[in-house]
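Secondary and tertiary structure notes
So the chains spell out like this:
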Amino acid sequence: FIREKYSRLAYHRFPRTTAKFLRSANNEIWSEEEEVLPDMCPAPREGEDPYSMEDLPQNLNYSLKMKDGIIYVYDNEDTLKQDQPRSLPYPDLETFAIEMSHVLAMIADGPTKTYCHRRLNFLMSKFHLHEMLNEMAELKELKSVPHRDFYNVRKVDTHIHAAACMNQKHLLKFIKDTYKTEADRVVLEKGGKKFTLKQVFEDLKMDPYDLTVDSLDVHAGRQTFHRFDKFNSKYNPVGASELREIYIKSDNYINGEYFARLIKEVAHDLEESKYQHAEPRLSIYGRAPEEWDSLSKWFIKQKLYSPNMRWIIQVPRIYQSRLMGLKENKGKSGPWIDFSKALDAFLQVTGFDSVDDESKHSDHIFTYKSPKPEEWTMEENPPYTYYLFHMYANIMVLNNLRKERGLNTFQFRPHCGEAGSITHLVSAFLTADNISHGLNLKKSPVLQYLYYLAQVPNLCVSLSTDDPLQFHYTKEALMEEYAIAAQLWKLSTCDVCEIARNSVLQSGLSHQEKKHFLGENYLQDGPEGNDIRRTNVAQIRMAYRHETLCNELSFLVDAVKSEAVAEKAS
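Residues numbered from 1 in each chain as written. Predicted model: local features only at pLDDT ≥ 70, side-chain atom pairs only at ≥ 80, totals over all residues. Heavy atoms only, no water.

As recorded in an unreviewed UniProt entry, the protein goes by the name AMP deaminase, listed as coming from Cyprinus carpio. Of the protein, the UniProt comment under Sequence similarities (unreviewed entry) reads exactly: "Belongs to the metallo-dependent hydrolases superfamily. Adenosine and AMP deaminases family." (UniProt positions renumbered as here; feature names shortened; annotations may be inferred.)

What follows covers helix H19 (residues 477–488). Here H19 contains twelve residues, and its C-alpha end-to-end distance of 16 Å stays within 8% of the 16 Å for a straight helix at 1.5 Å per residue. Within the span of H19, buried status applies to Ala477, Leu478, Met479, Glu480, Tyr482 and Ala485. Those residues of H19 hidden inside the fold are in contact with strand S3 (155–161), strand S6 (276–283), helix H18 (468–471) and helix H20 (493–505). Of the residues flanking the end of H19, it is lysine 490, one or two places downstream, whose phi is positive at about 50°. (Helix = DSSP H or I, 4+ residues; strand = E, 2+ residues; numbered from the N terminus. Expected span 1.5 Å × (residues − 1). Buried < 20%, exposed > 50% of the residue type's maximum accessible area, 1.4 Å probe, protein only. Contact = heavy atoms within 4.5 Å.)

Put simply, H20 and helix H21 (residues 511–518) touch, their axes get as near as 10 Å, and they point 165° apart. The orientation of H20 relative to H21 falls into the category roughly antiparallel. Considering how the two elements wind past one another, H20 and H21 form a crossing that is left-handed. From H20, Arg501, Val504 and Leu505 reach across to H21, where they touch Lys514, Phe517 and Leu518. (Axes fitted to C-alpha atoms, helices over the stretch in contact; angles between N-to-C directions. Parallel < 35°, antiparallel > 145°, perpendicular 65-115°, else oblique. Left-handed = near helix turned anticlockwise from the far one by under 90°.)

With that out of the way, let us pick up helix H17 (residues 445–453). In terms of burial, H17 is largely enclosed, as eight of its nine residues are buried. Every buried residue belonging to H17 is among Pro445, Val446, Leu447, Tyr449, Leu450, Tyr451, Tyr452 and Leu453, and all of these are buried. Looking at the residues trailing H17, positive phi occurs at glutamine 455, about 50°.

All right, on to the side chain of glutamate 291 then. Residue position: glutamate 291 is located in helix H12 (residues 290–301). For glutamate 291, which is buried and forms no salt bridge, the nearest opposite charge comes from arginine 287, at a distance of 5.7 Å. Reaching out from glutamate 291, the side chain makes a polar contact with the backbone nitrogen of tyrosine 285 at a distance of 2.7 Å. With residues up to four places along the chain from it excluded, the contact list for glutamate 291 reads Ile284, Tyr285 and Gly286. (Lys, Arg positive; Asp, Glu negative; His and termini not counted. Salt bridge = Lys/Arg side-chain N within 4 Å of Asp/Glu carboxyl O. Polar contact = N/O pair within 3.5 Å; in protein donor to acceptor, adjacent residues only side chain to side chain.)

So, on to the side chain of aspartate 357. As for its position among the elements, aspartate 357 is in the loop between strand S8 (349–355) and helix H15 (384–404). Despite its burial, aspartate 357 pairs with no opposite charge; the closest candidate is lysine 360, at 5.8 Å N-O. A distance of 2.6 Å separates polar atoms of two side chains, one belonging to aspartate 357 and the other to serine 359.

With that out of the way, let us pick up the pattern of salt bridges. Pairs may arise between side chains of opposite charge once their charged atoms sit close together. Evaluation of the coordinates by the stated rule reveals 33 salt bridges. Residue glutamate 242 pairs with lysine 190 through a salt bridge whose shortest N-O separation is 3.0 Å. Remark: lysine 190 occurs in strand S4 (residues 186–190) and glutamate 242 occurs in helix H10 (residues 241–247); sequence separation between them is 52 residues. The exposure class of lysine 190 is partly exposed, given its relative accessible area of 43%. Note that arginine 261 is salt-bridged to glutamate 257, the shortest N-O span being 2.9 Å. Within this pair, arginine 261 and its partner glutamate 257 are both found in helix H11 (residues 257–273), separated by four residues, close to a single helical turn. Among the charged side chains, a salt-bridge network with shared partners connects Glu138, Asp495, Glu498, Arg541 and Arg545.

Turning to the pairing of strand S2 (residues 70–74), a few remarks are in order. Of all five residues in S2, five are buried, a share of seventy percent or more. With burial as the criterion, each face of S2 is covered, one bearing Ile70, Tyr72 and Tyr74 and the other bearing Ile71 and Val73. Taken together, the five bridges between strand S1 (residues 63–67) and S2 define a ladder with antiparallel strand orientation. Bridged to methionine 66 within S2 is isoleucine 71. Between S1 and S2, which pair antiparallel in sequence order, lie two residues; one of them, aspartate 68, sits at a positive phi of approximately 55°. (Pairing = 2+ DSSP bridges.)

Turning to the nonpolar core, a few remarks are in order. Counting residues in each nonpolar core, the largest one holds 112 residues, and the members touching the most others are Ile246, Tyr247, Ile263 and Tyr451. Among the elements that take part in this core, H15 stands out by supplying 13 residues, more than any other. Excluding residues within four positions of it along the chain, isoleucine 246 makes contact with Val187, Leu188, Leu197, Val200, Asn252, Ile254 and Tyr258. Core analysis: the next-biggest nonpolar cluster, separate from the first, contains 18 residues, Leu142, Val145, Leu463 and Met542 among them. (Core = buried A, V, L, I, M, F, W, Y, C linked by side-chain atoms within 4.5 Å.)

Let us look at a nonpolar patch on the surface. A cluster of nonpolar residues, Tyr115, Phe555 and Leu556, forms a patch on the protein surface that exposes about 230 Å² of accessible area. In this structure, phenylalanine 555 sits in helix H23 (residues 539–569). (Patch = residues over 30% accessible without salt bridge, like charges linked within 9 Å, V, L, I, M, F, W, Y side chains within 5 Å. Areas by Shrake-Rupley, 256 points an atom, 1.4 Å probe, with all protein chains shown as cover.)

At a closest axis distance of 11 Å, the pairing of helix H16 (residues 423–431) and H17 adopts a crossing angle of 20°. By the angle between their axes, H16 is roughly parallel relative to H17. The two elements H16 and H17 meet at a crossing, and its hand is left-handed. Together, Leu425, Val426, Ala428 and Phe429 of H16 and Leu447, Leu450 and Tyr451 of H17 make up the contact between the two elements.

Spatially, S3-S6-S7-S8-S9 is the arrangement adopted by the five strands of the open sheet, whose pairing is parallel. Pairing within the sheet leaves two strands with one partner each, and these edge strands are S3 and strand S9 (411–412). Examined bridge by bridge, S3 and S6 share five bridges and lie parallel to one another. Bridging from a neighbouring strand, histidine 161 pairs with arginine 281 of S6. On the sheet, H15 packs against strand S7 (311–316), S8 and S9 and is oriented at approximately 165° with respect to S8. Sheet strands touched by H19: S3 and S6. Its angle to S3, the strand with the most contacts, is close to 105°.

By convention here, two paired aromatic rings are described through the distance between centres and the angle between planes. The tally for this structure, following the rule as stated, stands at 21 aromatic pairs. An angle of 10° between the planes, with centres 4.1 Å apart, marks the rings of tyrosine 72 and tyrosine 90 as stacked. Here tyrosine 72, found in strand S2, pairs with tyrosine 90, found in the loop between helix H3 (77–81) and helix H4 (93–107); they are 18 residues apart in sequence, far enough to count as distant. Here tyrosine 72 matches tyrosine 90 in class, with each residue buried. With a centroid separation of 5.4 Å and an interplanar angle of 80°, the aromatic rings of tyrosine 179 and phenylalanine 201 are classed as edge-to-face. In this pair, tyrosine 179 sits in helix H6 (residues 168–182) while phenylalanine 201 sits in helix H7 (residues 197–203), placing the two residues 22 residues apart along the sequence. Assessed through its relative accessible area of 1%, phenylalanine 201 is described here as buried. (Phe/Tyr/Trp six-rings, centres within 6.5 Å; stacked < 30°, edge-to-face > 60°.)

This is the structure:
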């Protein structure tokens, strides 16, 4: 119930099956009209200019004011003076903290842990039984599907960082090619001095001809395991921050041209494959309002639109960098929601991500008594949950305002559960549309079971590459990921096609694209929502998934109802 409330407020998805059972627990009937869905920007039609700013909505000159870290929207300066904000849902930190502590108490409860642990074990055994009984029937079903197979079902790389979207061989070749053709081009300004590409390599005492993937040293190895600091240093080719600045930054002396060319080459490969899509992350640090404008102008100037890419803005949880920005901007604090005309043309942005090292410990424990963002004067980084609540709160207000104006909404899709405390996963359960990683769910059977019941995309599994630069060897990093998973876990064709279908469902692709890729009725539950001719997922599998989820939910609803009857009787 709590997750459904937060999902509806922010225009995040909530599964129909679960919503229906929640209504029945209250003796109500679910109706399609009450369903809330994200509103994604449709892809430009053929012949339409993706960079056109002609149809952008009129600027209504709203006044904005930040209160307790949340942007309040006013119709004009007069309503701002009278403190009469627009009637949008503004979240309340105290309510959030109470509801979060309710979930935390539940996941620590002994009998609940036992129940959830047993249900999860049962679900695993049940799936193994399903495989033994139905594997051949599923295969027979797939063999009868014309044209469609694993290679030509749509797959979305739901988690990939733009700065590492190329593999190591691709980056190496690009460095060598630019050195061959543009050695005398000025590419860097440092300490008031300008450097050509040739001078940069001379200063580094290296000849690009001699570079190999080994000397490039961007691949993650055993030494980077659980070492976020070492992993981050792998973004520096040959350990040189100058090469990172030149090749994989959007805001540099050459206006991010090399970075854009690399991304366009990756996009071209995706378009050639036709059936693969990606959702790269680009960073906004929050140091200055101009970051939004700079990023959007780079996108438009470099013509980075691709029908096979949707973009996500990642906000690193680096308080120190914002602190520098606040000093430089004379204390004008806040998450900069500066959606200028240029940014609104860059509307292939479908969501926001929160990134950084989750294992970093914060001495501050998040409660409703935590200092407000404008009162945060400590040098230390605020805790993970503090970031998540305030990002969610502002995205929620923004989504409601944009929905009013007939604009697309944004999803909140943070990195979560990769390391650190289990509270990260609790806060994401309330605030996130879906999460990346979620490894720590294995530490909490109650939370893992909750993620299953609410079908949070993560336990509704998809496969992604994260950082092809650090992890992958081939030109088709996503296919490499599927191939490794299929061999490691002995996945069937139906398994990998189901994972591919999940990736499209949880992606930021528009409703129209999802209908085209998955079938007209993809929002329906069970086999009715699956068009096997497009997904190559057996109807037997879809029926199994739907019946199993209904079975688990019915246990809980029956328990709630019988408890209510017992209370009434007593």
